[in-house]
Amino acid sequence: MKLARIIGVLETAAPRGLQESWDNSGLQIGLPEGGNAEITGILLCIDVTEEIIYEAIARGCNLVISHHPLIFKGFKQLTGANPPQRAAIAAIKKGVAVYSAHTSLDSAHNGVSWEMARRLGLKVISPLVPTEQSMVKITVTAPRRYYEDVAMLLSMEENSNLVSFQVESSDLKEEKTNINDVPSFFIAHEPLTRVEITTVKHEATRKLSLLENSDFFSKITVNTQALADLSTENGLGVVAIAEQPFSASTLRKAMKDAFKLDGFRSNLAANQDDITIRKIALCGGAGGEFIRNAIATGAQAYITADIRYHDFCDHRNDILLFDIGHFESENCAKDIIYRLITENFPNFAVYYSETETNPVKYYN
């Protein structure tokens, strides 16, 4: 299976255009053959470590797909001075590609928070914080012989970030030129092709730069049009409904079972067992900043991770708050990716890491 095909499946489900501006989702470590590299197997994990790379090698895998990016803050050198550098060096030396789907998968329709809701048997009704993306339409008019080059730069290179892609071609036309009403010669105009795409603003900026640096830029005409923001079903977190309402105690038990929890943190409201819980907000990872969003939806409970002490204090009675842990809330990302790969490439070798452990330990 080619690396490009696998990435295509991942980015159709979780387009990189959905990632937060501070994130670094996408291909972290490539292979010499590029997208044509033949993938022998895939190992899934949350965090890429040196041990994960060596586990991949032992299992005959040359692609690791993680949730958290291996290269996040960026490297100024590769000296093996810290765990991410050592993992990157091992991947490069051993010929293991690394791809990460982080906030692109968090914000995607049917992404991490959707999977959290599914595990609790909830029906998602909306994103918690819907994604609104500034859209731009790019129209390129070019001689037909440049069609493939233009299409490659605008569409095929990252087609998962496009909202629309259209092509129109003009017919070959001949104009008769007369001198003193006597036909003298014909001018044949080269047929033109118009390629039009609509994509998110930051992707449009990148694609325009690619066009400007192309060898054929002087032969084409480029026009851009800013469009209204597009509100989608994508976004961070979800709001969901329980078919059968929970009490605080039954929800606590359901969470422990669904997310395999050794423990969790909650606020004072979570101890009030006379509360009927039907609407629940969920957000995988560090979702403390969206507590007010959860309250505004009318949710009776909010399940997320990395909630600060002062958030527990300030909202002690406003909504039931459950901090189930960062790893625990996002561990389901591996299940999403596993399904994507196996549904699109049946019988392909995909493994869950057996060496990965939660870096946070709980003591009784």
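Computed from a prediction, not measured in an experiment: that's the story for all the values here. Along each chain, residue indices are assigned from 1 in the same order as the chain's sequence is written. Local features in a predicted model are, by the rule used here, given only for residues with pLDDT of at least 70; side-chain atom pairs are given and counted only at 80 or more, and totals for whole chains, interfaces and linings are based on all residues. The side-chain figures draw on all heavy atoms in the structure; neither hydrogens nor water molecules are used.

Caption draft 1: The arrangement of the overall build of the chain in detail. Numbering of helices and strands runs from the N terminus, with a helix taken as a DSSP run of H or I at least four residues long and a strand as a DSSP run of E at least two residues long. The helix and strand tally for the chain stands at 12 helices and 15 strands. Residues counted as buried form 48% of the 364 residues belonging to the chain. Note on areas: these come from Shrake-Rupley sampling with a 1.4 Å probe, and a residue is covered only by the protein chains present in the view. Entry remark: accessible area of the chain is about 18,600 Å², with carbon and sulfur atoms responsible for 49%. Throughout, exposure labels follow a simple rule: accessible area from a 1.4 Å probe, protein chains only, divided by the maximum for the residue type, with under 20% read as buried, over 50% as exposed, and the rest as partly exposed.

Caption draft 2: Representation of the confidence of the model for the chain within the structure. Confidence scores labelled pLDDT are given residue by residue by the predictor and lie between 0 and 100. Mean pLDDT over the chain stands at 88; residues scoring 70 or higher make up 88%. The contact criterion used throughout is that any non-hydrogen atoms of two residues lie within 4.5 Å. Below a pLDDT of 50 lies the segment residues 156-165, which in the model reaches 35 contacts outside its immediate sequence neighbourhood of four places, other chains included. In this model residues 171-176 is a low-confidence stretch, pLDDT under 50, and it forms 15 contacts with partners more than four residues away in sequence or in other chains.

Caption draft 3: Fine view of the pattern of salt bridges. The term salt bridge refers to a side-chain nitrogen of Lys or Arg lying within 4 Å of a carboxyl oxygen of Asp or Glu. Counted according to the given criterion, the structure contains 12 salt bridges. For Arg118, the salt bridge goes to Glu115, with nearest N and O atoms at 2.5 Å. With Arg118 and Glu115 both in helix H5 (residues 112-119), this residue pair falls 3 residues apart, about one helical turn. One connected set of salt bridges, linked through shared partners, spans Glu55, Arg59 and Glu354.

Caption draft 4: Summary view of the pairing of strand S12 (residues 277-286). Here S12 lies mainly inside the structure; 7 of its 10 residues are buried. DSSP bridges decide pairing: two strands pair if at least two such bridges lie between them. Pairing of S12 with strand S13 (residues 301-305), which is carried by 4 bridges, proceeds in the parallel orientation. Bridging from a neighbouring strand, Ile280 pairs with Ala301 of S13. With the strands pointing away from the viewer, any crossover whose connection runs clockwise from the first strand over the helix to the second is right-handed. After leaving S12, the chain enters helix H9 (residues 291-296) and then returns to the sheet as S13, a path that is right-handed.

Caption draft 5: Representation of the packing of helix H2 (residues 50-58) against helix H3 (residues 83-94) within the structure. Interaxial distance between H2 and H3 falls to 8 Å at its minimum, and their mutual angle equals 20°. Judged by the angle between their axes, H2 and H3 are roughly parallel. Residues Glu50, Ile53, Tyr54 and Ile57 of H2 pack against Arg86, Ala87, Ala90, Ala91 and Lys94 of H3. Residues are grouped as follows: nonpolar covers Ala, Val, Leu, Ile, Met, Phe, Trp, Tyr, Cys and Pro; charged covers Asp, Glu, Lys and Arg; every other residue, Gly included, is treated as polar. Class assignment of the residues belonging to the contact of H2 with H3 gives a composition of 6 nonpolar, no polar and 3 charged. Between N-to-C directions, angles span 0 to 180 degrees; the directions come from axes that are lines fitted to C-alpha atoms, helices contributing only their stretch in contact. Roughly parallel refers to an angle under 35 degrees, roughly antiparallel to one over 145, roughly perpendicular to one between 65 and 115, and oblique to any angle outside these ranges.

Caption draft 6: Region of the structure containing the side chain of Asp106. Note on placement: Asp106 falls in helix H4 (residues 103-107). One buried charged side chain, Asp106, makes no salt bridge at all; its nearest oppositely charged neighbour is Arg119, positioned 13 Å away. Side chain to side chain, Asp106 and His67 meet in a polar contact 3.3 Å long. Beyond its immediate chain neighbours, meaning those up to four positions away, Asp106 contacts His67, Val112, Gly235, Leu236 and Glu330. When charges are counted, Lys and Arg are positive and Asp and Glu negative, with His and the chain ends excluded. Whenever two N or O atoms come within 3.5 Å, that pair is a polar contact, provided that in protein one can donate a hydrogen and the other can accept it, and provided that, for residues adjacent in sequence, both atoms are side-chain atoms.

Caption draft 7: Here's a closer look at the packing of aromatic side chains. Paired rings are identified among Phe, Tyr and Trp, the last through its six-membered ring, by centres lying within 6.5 Å, and are further divided according to the angle between planes into stacked (under 30 degrees), edge-to-face (over 60) and tilted (the rest). For the structure on display, the rule yields 4 aromatic pairs. Geometrically, the ring pair formed by Tyr338 and Tyr352 is stacked, given 5.2 Å between the ring centres and 20° between the ring planes. Here Tyr352 lies in strand S15 (residues 350-352) and Tyr338 lies in helix H12 (residues 333-344), a separation of 14 residues in the sequence. Take Tyr338: its relative accessible area is 30%, and that puts it in the partly exposed class.

Caption draft 8: Main features of the environment of Asp335. As for its position among the elements, Asp335 is in helix H12. Between the C-alpha atoms of Asp335 and Glu115, which are 220 residues apart in sequence, the distance is 8.6 Å. Ignoring sequence-local partners within four residues, the contact set of Asp335 consists of Glu115, Arg119 and Tyr352.

Caption draft 9: Examining unusual backbone geometry more closely. Backbone geometry places Asp306, a non-glycine residue, at a positive phi of 60°. For Asp306, the position within the fold is in the loop between S13 and helix H10 (309-314). The phi torsion at Asn347 lies on the positive side, around 70°, for a residue other than glycine. Its relative accessible area of 86% is what places Asn347 among the exposed residues.

Caption draft 10: Geometry of the environment of Ala226. Mapped onto the fold, Ala226 is located in strand S10 (residues 221-246). Once the C-alpha coordinates of Ala226 and Ile138 are considered, the two residues, 88 residues apart in sequence, prove to be 9.0 Å apart.

Caption draft 11: Just the nonpolar core, in detail. Nonpolar cores are built from buried Ala, Val, Leu, Ile, Met, Phe, Trp, Tyr and Cys residues. Side-chain atoms within 4.5 Å join them into one set. Core analysis: the largest hydrophobic core is formed by 58 residues, its most contacted members being Ile6, Ile42, Leu282 and Ile303. For this core, the leading source of residues is helix H8 (residues 248-259), giving 6 residues. Among all residues touching Ile6, those that are not within four sequence positions of it are Met1, Ile39, Ile42, Leu63, Ile65, Ile341, Phe345 and Phe348. Cys45, Cys61, Val64 and Leu70 belong to the second-largest nonpolar core, a separate cluster that totals 17 residues.

Caption draft 12: Representation of the sheet that holds S15. In space, the 5 strands of this open sheet follow the order S1-S4-S3-S2-S15, with mixed pairing throughout. This sheet does not close on itself; its edge strands, each paired only once, are strand S1 (26-29) and S15. Within this sheet the neighbouring strands show an average axis-to-axis angle of 25°, counted without direction. Bridge count for S1 against strand S4 (residues 97-100) is 3 bridges, and the pairing is antiparallel.

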